[in-house]
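Structural features, examined
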Amino acid sequence: MITINGKKITYKEGKTVLETARDAGIYIPSLCTHQELEPFGACRLCIVKIEGMQGFPTSCTTVVRDGMVIITEDEELQKVRRNVLEMLLSEHPNTCIVCKDKSECEECHFGPTKAGRVTGCNFCPNKEICEVREVADYLGLEDVRLLFEYKNLPLERDDPFFDRDYNLCILCGRCVRVCQDIRGRGTLAFTQRSHRTKISTAFDKLHLDSECGFCGACVDVCPTGALSARGSKWYGDADSCTDSACLLCSVGCTFSFESKWNRVMAAIPRRDGSTGGQACSRGRFCIPQLLNGSDRLKQPMIRKNGKLIPVNWDEAMTYVAEKLKKFTNDKIGIIASPSLTNESAYTLQKFARVALHTNNIDVPTSDFTSPIMKTIVASSSAISNEGKIKNLEKAKWIIVLGRRIFLPSSALNPSIYRAKKKGAKIILIDNETKAKAPRNVDVNLKLGVIQTLNLFYGIIYKLFNANPNLVKDCVNYGAFVKSVKNMDKNKLGKDISKQVEKITKIIENSKGCIIFDQGALRCSNPEAIVNAIMNILILSGNPDGVIPYYDGGNDQGICDMGATHQYLPGYTMISDSASIKKFEKLWGTTLPKKGKNYREMLDGGVKALYLTEAVPEKKLRNIEFLILQDIYPSKIMDKADVVLPACAFTEESGTVTSLERRVQKITQAVEGPGLAKPDWKIICDLAKKMGTKGFDYKSHQHIFREIKETVPFISSEGIWSFKDKPPRLFPFTIEEKINELPSTPPRYHYRGADIVERVDDFRIQIEKGGA
Amino acid sequence: MKSEIKKIIKLFKDKKGALISILQEVQKKYGYLSSEAISALAEELKISENEIYGVATFYTQFKFTKPGNHQVKVCLGTACHVRGGHGIMETVERQLNIKHGETTKDSQFSLERVACMGCCALAPVMVVDNDIFGKITSTKVKNILNDYNRNGGKKQ
Ligand code: SF4
Ligand code: SF4
Ligand code: SF4
Ligand code: FES
Ligand code: FES
């Protein structure tokens, strides 16, 4: 028990006085402290009186002890605080705080006015809540008696995404701490001293040249208008805020979308998501520009006399239904975009199987997803509920395959950095011989895909022989032991053997994680690599440490929903005639036993193709009828016979599944443009037009109820996992005839919207190599 | 430069809080802390160059611009201040067309302010390299600097 302002309050061990007071609903002004950062004790506004302690301790740095008697507010404290604030405001433009006409002004101006410099009137880009104003109001500050000194620092506007006006900076240090302690970048620092102290990069270089990832974390913690997102600062207060998630990659950061005039204007990270309020430049800054383009597809179109002509939905649907009838089932194919929601993906695969009687459905990213799904389904082991990102933070070592996972302002970086601070060793394996190792990497091996695989085999050999009993209960134990025994270590080569020693030393006897992106599997036998990764993780006791970094926002979910040629929903093999009975009964149909994959379909395997996102047009062969369902026009539209406008992820509701198998809700923030519809609605309408039963869904929740019937392991929110069974090991042989394939560039697009092309600032970031 | 910097870091290996000493060594070697030197340090020490720069700029002993052939120091200590040190400083700044803390374009002079040289009786005082000039006036300043420029460093 402690006493605050005469009230008895229970407290939690280890919390600070400030946190305890806040939890009890008692306000103490504070400007430099922040819930995610270590206390700093710089602003001295949070001072309190504590019985038995001298002077005025700062509550943000004082840990509560039993029996403390604390006073947070009395005339003496307020006076000191007012003095402190006045001092602070003598260097921070302050007319918006002390102006006599403040309240009228706030009523009449809906937001900041465009102005070159913030001089303190209503021009500050800090919106709605300004923490400095809050504190000033609390203290009843009406005048600043000190002479105001404008620092007259140059405005910094030459970097992408955000502007900096350090004349508004109060030197709270939050940006410095978030960048160094949370993001692990260290782009910002306190420089100079005494009254010349300021926040800057080394030699005042551009952020582009200072390792900034443009994650925006500094903008989000700044209590003043010193740091502001350029694209969103001028529209004033938002009409509404919608809690949702980002679909631009598979990390699945959660955001609150601010919208105005039926447009998403800004994406503010939510602290309750799996990345704890950290995101990347794409999610934080690119979404408005990416999705609000004036050229969004707004109307269905069909090709008449060689020209795409706008029509209404009914005409378009009738046309497609008629046309599709002309092709045999085997000659129709569907490409499922990895950016669809689970509901749309489920509906799409059901459409393929029930309405078209075909298994020709796949994702464009199947080179990467398919081997992963095979192994992961096979290894279906006990998977913890805390999620892979939390697991990552606890890792003792992290192997990263592919530099890109570090390079993006990647929302995984903070987790990797957190693990590193706790002592984890970070091992990067890539083949970019010229590039320097990123700063937080302990070991950087330059290996090709095949060499990496050999390295893994060597590690497996060592780990297993060090402790063969550890995995005794695993499925496939016998066969695995045999393959280890048969392994010819000499085949690995001297160089690799040396590396094996080195890496095994680091990872033996401890749990770790392996993160990999599509580049890591670029070879003729990608499954071998995924299998090896799983073996290593199982041998070190952490099968949950496998983290595939999918480029598509919902690659995981699309595969869970069965929108691939080899699986039905919930990973029932389409060749498994016993298990597919359940689906045949549920859907009232008989199911085809074979399907074509992405490559086969594009390469002339089908005649009619239904795309839910643009694919590279050059890859198409012999297509007679092409349907494009997307959000933007693209090159492939020249070949399309029908174009159907779809909603983007800010315009529809449903669920998506992130790389850690976390099912997350996305919620409609704004209306789609023109006649655009959510994908599942378009698919249902089409199915009904074709006279197919079972597509009368009333809502996305309705679809999800059916998904639950077919995918038993899924729940509408949270991590999904298979039932408990011991992990499965993968027997292996060192193959000699395995080829490395050329690497493909990372996928920075959301359906037909290319982020690099559409968002200038992102392009600049990429060109600098700092994405 | 990289290998030199590696050597310096080795000198202080495993010593806590060695950054300042390392920076001092680097400055001793190169005369100042260049952007390249700080980048190289950052890479070796695995901290960001911005952090290093932040620490370094906190101490007035570190310079970030290349020192000139002649180092001009103008004293602004109490005695010199009272006797017009600031006027001298302004004259020098105008004459060399730089501010204190900077180096002239032709790399001949760099200018610094100091607080008391320990010869207050001579105030105001200006020092060029190791030569002390006392009781100086604006006219003298010009002559002194011109001499250094002409004689390539020898005393008048
Ligand atoms: S955007 Fe991110 S990386 Fe860049 S300075 Fe801010 S916190 Fe640091
Ligand atoms: S820029 Fe903002 S967050 Fe950074 S020190 Fe200044 S006021 Fe604080
Ligand atoms: S890391 Fe991925 S999910 Fe997170 S903000 Fe960036 S693109 Fe969106
Ligand atoms: S909040 Fe405690 S000193 Fe700033
Ligand atoms: S004050 Fe200038 S020499 Fe002492």
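Basis of the calculations
Residues numbered from 1 in each chain as written. Chains lettered and ligands numbered in written order. Predicted model: local features only at pLDDT ≥ 70, side-chain atom pairs only at ≥ 80, totals over all residues. Heavy atoms only, no water. Axes fitted to C-alpha atoms, helices over the stretch in contact; angles between N-to-C directions. Helix = DSSP H or I, 4+ residues; strand = E, 2+ residues; numbered from the N terminus. Parallel < 35°, antiparallel > 145°, perpendicular 65-115°, else oblique. Left-handed = near helix turned anticlockwise from the far one by under 90°. Contact = heavy atoms within 4.5 Å. Nonpolar A, V, L, I, M, F, W, Y, C, P; charged D, E, K, R; others polar. Near = heavy atom within 4 Å. Buried < 20%, exposed > 50% of the residue type's maximum accessible area, 1.4 Å probe, protein only. Core = buried A, V, L, I, M, F, W, Y, C linked by side-chain atoms within 4.5 Å. Domains from an automatic or database assignment. Pairing = 2+ DSSP bridges. Buried area = accessible area lost by both parts, 1.4 Å probe. Salt bridge = Lys/Arg side-chain N within 4 Å of Asp/Glu carboxyl O. Polar contact = N/O pair within 3.5 Å; in protein donor to acceptor, adjacent residues only side chain to side chain. 1 Å grid on protein atoms, 1.4 Å probe; cavity = no way out; pocket = protein on both sides within 12 Å on 5 of 7 lines; lining within 4 Å. Points joined across faces, edges and corners; volume = space filled by probe spheres on them.

A few words now on the packing of helix α14 (residues 449-466) of chain A against helix α17 (residues 526-539) of chain A. All names here are of chain A. Taken N-terminus to C-terminus, the directions of α14 and α17 make an angle of 30°; their axes are 9 Å apart at the nearest point. As judged from the angle between their axes, α14 and α17 are roughly parallel. Handedness of the crossing formed by α14 with α17: left-handed. The segment α14 lies against α17, with Val449, Leu453, Phe456, Tyr457, Ile459, Ile460, Leu463 and Phe464 engaging Ala528, Ile529, Ala532, Ile533, Asn535, Ile536 and Leu539. Here the contact of α14 with α17 is built from residues that sort into 14 nonpolar, 1 polar and no charged.

Our next topic: the site of ligand 3. In the vicinity of ligand 3, the contacting residues are Cys246, Leu248, Cys249, Val251, Gly252, Cys253, Phe255, Ala279, Cys280, Arg282, Gly283 and Ala411 of chain A. Partitioning the shell around ligand 3 into residue classes produces 9 nonpolar, 2 polar and 1 charged.

All right, on to the environment of Gly752 of chain A then. Residues and elements named next belong to chain A. Tracing the sequence through the fold places Gly752 in the loop between β29 (749-750) and β30 (753-754). A residue is classified by how much of its surface remains accessible, and Gly752, at 17% relative accessible area, is buried. It is 9.8 Å that separates the C-alpha atoms of Gly752 and Ser337, two residues lying 415 residues apart in sequence. In this view, Gly752 contacts Ala614, Asp630 and Tyr632; residues no more than four positions away in its chain are not counted.

What follows covers the nonpolar core. Soluble globular proteins tend to pack their nonpolar side chains together in the buried interior. If you look at the biggest cluster of nonpolar residues, it comprises 190 residues, and the most contacted ones within it are Leu324, Phe351, Leu455, Tyr457 and Tyr610 of chain A. Looking at this core element by element, the count peaks at 10 residues for α17 of chain A.

As a further point, take the domain arrangement of chain B. For chain B, the domain assignment lists domain 1 (2-58) and domain 2 (70-150). Distance between the C-alpha centres of domain 1 of chain B and domain 2 of chain B: 30 Å.

Residues and elements named next belong to chain A. Taken in spatial order, the 4 strands line up as β2-β1-β4-β3 in an open sheet, and their pairing is mixed. At either end of the open sheet lies a strand with only one pairing partner, and these are β2 (7-9) and β3 (49-50). Pairing geometry for strand β1 (residues 2-4) and strand β4 (residues 69-71), over 2 bridges, is parallel. Bridge pairing in β4 links Ile4 to Ile70.

Okay, the packing of helix α19 (residues 577-587) of chain A against helix α22 (residues 700-710) of chain A next. Residues and elements named next belong to chain A. Look at α19 against α22: their axes get within 11 Å of each other, and the N-to-C directions meet at 150°. Comparing their axes, α22 and α19 come out roughly antiparallel. With respect to the hand of their crossing, α19 and α22 are arranged in right-handed fashion. Judged by residue contacts, Lys582, Phe583, Leu586 and Trp587 of α19 engage Glu706, Glu709 and Thr710 from α22. Split by residue class, the contact of α19 with α22 holds 3 nonpolar, 1 polar and 3 charged.

Residue and element names in this part refer to chain A. Spatial ordering of the open sheet is given by β18-β17-β16-β19-β20, a layout of 5 strands whose pairing is parallel. The outermost strands of the open sheet, each flanked by one partner alone, are β18 (443-446) and β20 (546-548). The average undirected angle you get between the axes of adjacent strands in this sheet is 15°. Relative to the sheet, α14 contacts β16 (397-401), β17 (425-430) and β18, its axis offset from that of β17 by approximately 140°. In the packing of helix α16 (residues 494-507) onto the sheet, contacts are made with β16, β17 and β18, and the angle to β18 comes to roughly 150°.

Let's shift gears to the site of ligand 1. Near ligand 1, the surroundings consist of 13 residues, among which Cys179, Cys212, Cys215, Gly216 and Cys218 of chain A are the closest. Counted by class, the shell around ligand 1 contains 8 nonpolar, 4 polar and 1 charged residues.

Between chain B and chain A, the residue contacts involve 19 residues of the former and 21 residues of the latter. Roughly 1,500 Å² of surface becomes buried between chain B and chain A when both sides are summed, with 51% attributable to carbon and sulfur atoms. Looking only at chain B, the three residues that lose the most surface to chain A are Lys46, Asn50 and Tyr53 of chain B, adding up to 39% of its buried area. In this assembly, chain B and chain A are joined by 2 salt bridges. The tally of links from chain B across to chain A stands at 9 residue pairs in polar contact (both at pLDDT 80 or more). Elements represented by at least two residues in the side of chain B that touches chain A include exactly α3 (35-45) and α4 (49-58) of chain B. Considering every element that reaches the side of chain B that touches chain A, the biggest residue donor is α4 of chain B, with 7 residues. The residue makeup of the side of chain B that touches chain A, split by class, is 7 nonpolar, 8 polar and 4 charged.

Counting buried positions along α4 of chain B yields 7 of 10 residues, so the element is predominantly enclosed. Residues of α4 of chain B that are buried include every one of Glu49, Asn50, Ile52, Tyr53, Gly54, Ala56 and Thr57 of chain B, and no others. Where α4 of chain B is buried, its residues touch β6 (189-191) and β7 (198-200) of chain A together with α2 (19-30) and α3 of chain B.

A few words on the pattern of salt bridges. All names here are of chain A. In total, this model carries 46 salt bridges over all chains according to the counting rule given. A salt bridge links Asp23 to Lys15; its shortest N-O distance comes to 3.2 Å. Residue classification places Asp23 among the exposed positions, given a relative accessible area of 55%. Lys15 sits in the partly exposed class, given a relative accessible area of 25%. Here Arg662 ties to Glu660 by a salt bridge, and the two come within 2.8 Å at their closest N and O atoms. Exposure remark for Glu660: the relative accessible area of 1% places this residue in the buried category.

As a further point, take the layout of surface pockets. Residue and element names in this part refer to chain A. Roughly 1,500 Å³ of internal volume is contained in the largest pocket. Every residue lining the largest pocket is counted, 50 residues in all, and those nearest its centre are Pro364, Tyr598, Pro616, Lys619 and His749. Looking at the lining of the largest pocket, the elements that each hand over two or more residues are α11 (366-379), α17, α20 (598-605), β30 and α23 (755-758). When residues of the lining of the largest pocket are assigned to their parent elements, the largest contribution, 6 residues, is made by α11. When residues of the lining of the largest pocket are assigned to domains, at least three fall in each of domain 3 (301-368 + 554-719) and domain 4 (376-549 + 727-740).

A few words on the side chain of Ser483 of chain A. Residues and elements named next belong to chain A. Structurally, Ser483 can be placed in helix α15 (residues 477-486). On the basis of relative accessible area, Ser483 is assigned to the buried category, the value being 8%. Within the structure, the side chain of Ser483 is placed 3.3 Å from the backbone nitrogen of Phe732, a separation counted as a polar contact. Excluding anything up to four places from it in sequence, Ser483 contacts Pro731 and Phe732.

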